[in-house]
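# Architecture and fold: a report
Below, each chain spelled out in residue letters.
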Amino acid sequence: MFETLSHLALQQYWWLLVSLLGALLVFLMFVQGGQTLIYTIGKSEVERAMLVNTLGRKWEFTFTTLVTFGGAFFASFPLFYSTSFGGAYWVWMIILFAFVIQAVSYEFRSRPNNLFGSKTYEIFLFVNGLIGTILIGVAVATFFTGANFYINEMNQSHWATSLHGLEALLNLHNLTLGLTIFFLARVLGLLYFINSIDDDVLYDRSVKHLFYNAIPFVVLFLIFVVWLLLRDGFAVNNETMMVYMEPFKYWHNLLSMPIVFISLFVGVIGVLYGIVVALIRKSTNGIWFSGIGTVLTVLSLFLLAGFNNTSFYPSYADMQSSLTIENSSSSKFTLTVMSYVSLLIPFVVGYIYYAWRAINKRKIDRDEMESKEIHIY
Amino acid sequence: MEHIDLSLVDWSRAQFALTAMYHWVFVPLTLGLSFIIAFMESIYVKTGDEKWKKTTRFWMKLFGINFAIGVATGIILEFEFGTNWSNYSWFVGDIFGAPLAIEGIMAFFMESTFIAVMFFGWDKVSKKFHLTATWLTAIGANISALWILVANAWMQNPVGMQFNPDTARMEMVNFWDVLYSPSAISKFIHTTTSGFVLAAVFVIGISSWFLLKKRHQLMAKRSMLVSSVFGIIASITLIVSGDSSARDIAKYQPVKFAAMEALYEGKTQAPLVAIGLIGKLNYDSITKDTKDDFLIKIEIPNMLSYLAFMDPNAFVPGIKDLVLGNEDYNILSVIEKIKRGYVAQQSLKLYKETEKTDKVLHEALKAKFTDSQWLNTYFRYFGYGSYYDDDSKIMESNAFKVVPPVSLTFYAFHLMVILGGHFLLLFLIVLYLVVINRIEKYKIVLYTALWTIPLVYIASQSGWIVAEVGRQPWVIQDLMTTMNAVSKIDSSSVIITFILFAVLFTGLLIAELGIMIKQIKIGPKDGGH
């Protein structure tokens, strides 16, 4: 069935899948956001244990999604993978370090004889939450603001500055997205605490901090989006494939793709609604509204970056080196093979849903932290 | 050839070796222990015996500690292809990416979803569902290994692809050729069963310690029984697949094969060096006067010829035959390969240059890249072209650069094989003694089992040294050298990340060992559950 699709259709399909993975990743970064709040919300050992354990049962989903996001990008748009990872070396390396220290921290934190002490592993979790969210936000923002590379006729890339990606941190628009993601992750983390822990003290504190974090999130998000819609974008000429600057490019993209417009709108409303029901209606289900809202919003932003004759990884060093989903993708054959594999995705989502429900059936409480029957972090 | 900073290549290699070897400290135990746990839990579910549950949970706890650090060291590798081997990742992305994406979709999620059920589901889901989750974790972990090993096998023996001069990369034309390449199948079986053997040794070694300390004796003996049976089956499969792996290497990577045996001069009825001590370590470049320099060697007559070609009289080419060529046996010299590879590289360059200037020539060149005779004569040596030099003297010395470090490859190979035999013997003895219920009387066996734990890790790492050092200088056999694969970043950046990884991973390893040993001392009773 996929053989009949054109190369472009396959490229679009895979951009959609990669975008969806990216969107799910941002939602699942509620784990990272939660990690930055362990000491803010948990004032005693047992309280912190509840927070760490509720996140600890989910951290692997986020981690695996990140790994799969990277793998899918490599598979479908290898020129992005080779250009960005090999060029923006330092940004990606720092992100990776932040995830390495996360992966051991849950398991090692409460174990006796763990060399560095529990506190160190809690700091690791905090660092992961802080750096992981902000730098991933900054890295994704370069999809709109551009990066500093050249690509030669053999498709080999060179980075134009020895900062190797750190220059992205000097761009205010990039930073706005980084901080937006950071506060969004904290908002989602708090909503997840509210949803998954059965404890009045933690609930009250979570609601209070939800308010404090929602305000910077909303302000930063609005700045990022308005700025995005007003800025010039890297457009691609359909005929010549030449890249040129187009004023209000992303606003134009939004208008030319009404479905994306609707998805963005519904997404933003969903995120806000989740926050509001948790604050005002005392609902514990805010995470689902905000979560689905996050997925729709981030998905729409990715689609704005890649669809409608837009360069998704523009180069401001050499505009004609800019990457589009067409010039950076895998061959038609490979994309076709991978598309068949993608048919397994609903099945994967199905068993994740089933296992998630089985584990979350009972909320975490103080008693469970004393239990000998289950694995405690 | 464009100038590439040698220290950049060396540091990038060092970093990849460091991170890959650290990752491989933890992966084999995950691969094998996941199955051992699944066997144990199956017995528990079948018999309802709570002691089996306790046994299962003890090993599961150690599994969890090991798994976490395995995940931590693994994420680096996936991204390192891009960060440090950027040119390589473009050149092969069309082939390599697909297995990696499949791995993410099929295996990683299976593993990470069901591992959560395995650890946190004991009182939340039914016994049957829990057991299923344990099995799916084991299967997921091992499927994870499948795809990355398929990709690795492809680099050793590239098949199922075609070069596209427009994109300047390899493109997949047959997925099944990639998946079912003989190298991929033997590599997958050999690697996963090596993990099974490692885990069996691990469980038997720790159980021996319990018996020596006279603690948890029932659990220890039961664990030994399960693991020695598993170990015997795995060892036999390991040896058989190692054998077929060796034949693949003899066929597709003859220089590596010669290096594994430190065979400089080709021979018919070639003997296999069973044990050997090389006098001078050959780290300097080899020349045509280099001879083998064994201080001691014990040989098995005709065995190498048989091992390589299933024929005790077959000719096994030595390093010098392969580099200098041997007309009697139809072996092309490396100089000739360099010249042909250079023609292929120049054709690609000209193809790019004529794109806008000379349509006719451009089209003619394009046709070459689909002409199977031209591809077979010139393009298959594409990577060799990087050693071309107008000065024939330089080119002659360059020819020997296709030889990997001989001593390291030789020792790693022999250590792996000898230790492999030791493990099988140990499993057989342990199984026998457990079955006749006298194992605790044989302290020497218990001590040997305990001290075999470090040996199995050494054997396991040696296997990868043979595979990865032995194939140098190629990152993709005959098509791309390691030097051409590297990302163009300043070597100081790589040095810094190398040091950061070395410090971080070493720290985490020490922490992991501390936790692991503590948990073993605490035993199956308590400790976080």
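Residues numbered from 1 in each chain as written. Chains lettered and ligands numbered in written order. Predicted model: local features only at pLDDT ≥ 70, side-chain atom pairs only at ≥ 80, totals over all residues.

Take the overall build of chain A next. When helices and strands are counted, chain A shows 16 helices and 4 strands. Compactness check: chain A gives a C-alpha radius of gyration of 21 Å against a globular reference of 21 Å for 377 residues, within 12% of the reference. Taken over the C-alpha atoms alone, chain A extends approximately 65 × 45 × 45 Å along its principal axes. The long-range share in chain A, meaning contacts at least 24 apart out of those at least 6 apart in sequence, stands at 76%. (Helix = DSSP H or I, 4+ residues; strand = E, 2+ residues; numbered from the N terminus. Rg over C-alpha atoms; globule rule 2.2 N^0.38 Å. Contact = placed C-beta atoms within 7 Å.)

What follows concerns the overall build of chain B. Looking only at helices and strands, one finds 18 helices and 8 strands in chain B. In terms of overall dimensions, chain B has a C-alpha envelope of 80 × 50 × 40 Å along the principal axes. Here chain B, with 529 residues, has 53% of them falling under the buried criterion. (Buried ≥ 20, exposed ≤ 12 C-beta atoms within 10 Å, placed from the backbone.)

Taken together, the contact pairs 68 residues of chain A with 66 residues of chain B. Elements that contribute at least two residues to the side of chain A that touches chain B include exactly helix 5 (59–76), helix 6 (78–87), helix 7 (89–109), strand 2 (157–159), helix 14 (332–342) and helix 15 (345–360) of chain A. The leading source of residues in the side of chain A that touches chain B is helix 7 of chain A, at 13 residues. Partitioned by chemical class, the residues of the side of chain A that touches chain B number 40 nonpolar, 19 polar and 9 charged. (Nonpolar A, V, L, I, M, F, W, Y, C, P; charged D, E, K, R; others polar.)

A few words on the domain arrangement of chain B. A common measure of how large an interface is: the accessible area buried when the components associate. Residue and element names in this part refer to chain B. Split by domain assignment, chain B resolves into domain 1 (6–253 + 405–522), domain 2 (263–327) and domain 3 (338–402). Computed over C-alpha atoms, the centres of domain 1 and domain 2 are 30 Å apart. At the interface, 8 residues of domain 1 touch 9 residues of domain 2. For the side of domain 1 that touches domain 2, the elements supplying multiple residues, two or more each, are helix 7 (217–252) and helix 15 (406–435). Among the elements that take part in the side of domain 1 that touches domain 2, helix 15 stands out by supplying 4 residues, more than any other. (Domains from an automatic or database assignment.)

Our next topic: the packing of helix 1 (residues 7–28) of chain A against helix 13 (residues 286–306) of chain A. Residues and elements named next belong to chain A. Packing of helix 1 against helix 13 leaves a shortest axis separation of 8 Å and a crossing angle of 140 degrees. For the element pair helix 1 / helix 13, the angle class is oblique. In this structure, helix 1 meets helix 13 at a crossing whose hand is right-handed. Every residue of helix 13 that contacts helix 1 at Trp15, Ser19, Leu20, Gly22, Ala23, Leu24, Val26 and Phe27 is listed here: Gly291, Thr294, Val295, Val298, Leu299, Phe302, Leu303 and Gly306. Of the residues that constitute the contact of helix 1 with helix 13, the class distribution is 11 nonpolar, 5 polar and no charged. (Axes fitted to C-alpha atoms, helices over the stretch in contact; angles between N-to-C directions. Parallel < 35°, antiparallel > 145°, perpendicular 65-115°, else oblique. Left-handed = near helix turned anticlockwise from the far one by under 90°.)

Right, let's get into the pairing of strand 4 (residues 243–246) of chain A. All names here are of chain A. Across 4 bridges, the pairing between strand 3 (residues 233–236) and strand 4 is antiparallel. Bridging across to strand 4, Phe234 finds its partner in Met245. Counted along the chain from strand 3 to the antiparallel partner strand 4, the turn is 6 residues long, and its residue Met241 has a positive phi close to 65 degrees. (Pairing = 2+ DSSP bridges.)

Take Gln346(B): it is sitting in helix 11 (residues 334–353). Along the chain, Gln346(B) and Phe382(B) lie 36 residues apart, while their C-alpha atoms are 9.8 Å from each other.

Keep in mind that most residues, glycine aside, have a negative phi and that most peptide bonds are trans. In this model, Gln472(B) is joined to Pro473(B) through a cis peptide bond whose omega is 5 degrees. Following the sequence through the fold, Pro473(B) ends up in the loop between helix 16 (443–469) and strand 7 (474–476). Phi is positive for Asn155(A), which is not a glycine, with a value near 65 degrees. Mapped onto the elements, Asn155(A) comes out in the loop between strand 1 (149–151) and strand 2. Judged by the 21 C-beta atoms lying within 10 Å of it, Asn155(A) falls in the buried class. Positive phi, close to 60 degrees, is recorded for Lys282(A), a residue that is not glycine. Among the structural elements, Lys282(A) can be located in the loop between helix 12 (258–279) and helix 13.

So, on to the environment of Leu303(A). All names here are of chain A. For Leu303, the position within the fold is in helix 13. Linking Leu303 and Phe99, residues 204 residues apart in sequence, is a C-alpha distance of 26 Å. Leu303 has contacts with Ser19, Met257 and Val260, leaving out every residue within four places of it along the chain.

In an α-helix, one full turn covers 3.6 residues, which means residues spaced three or four apart are oriented alike. All names here are of chain B. In this model helix 1 (residues 6–47) runs 62 Å from its N-terminal to its C-terminal C-alpha over 42 residues, within 8% of the 62 Å that 1.5 Å per residue would give. By the largest-angle criterion, Trp24 marks the main kink of helix 1, which is about 30 degrees, and a proline, Pro28, follows within four residues. A positive phi of about 75 degrees marks Gly48, the residue just after helix 1. (Expected span 1.5 Å × (residues − 1). Bend = angle between axes of the 7 residues up to and from the residue.)

The next point concerns the nonpolar core. Counting residues in each nonpolar core, the largest one holds 293 residues, and the members touching the most others are Leu96(A), Val187(A), Ile36(B), Ala68(B), Val150(B) and Ala200(B). It is helix 3 (residues 86–120) of chain B that contributes the most residues to this core, 22 residues altogether. (Core = buried A, V, L, I, M, F, W, Y, C linked by C-beta atoms within 7 Å.)

Below, the discussion takes up the confidence of the model for chain B. The predicted model of chain B averages 89 in pLDDT, with 98% of residues at 70 or higher. Here the prediction assigns the complex a pTM of 0.91, and the interface score ipTM is 0.90. (pLDDT = per-residue confidence, 0-100.)

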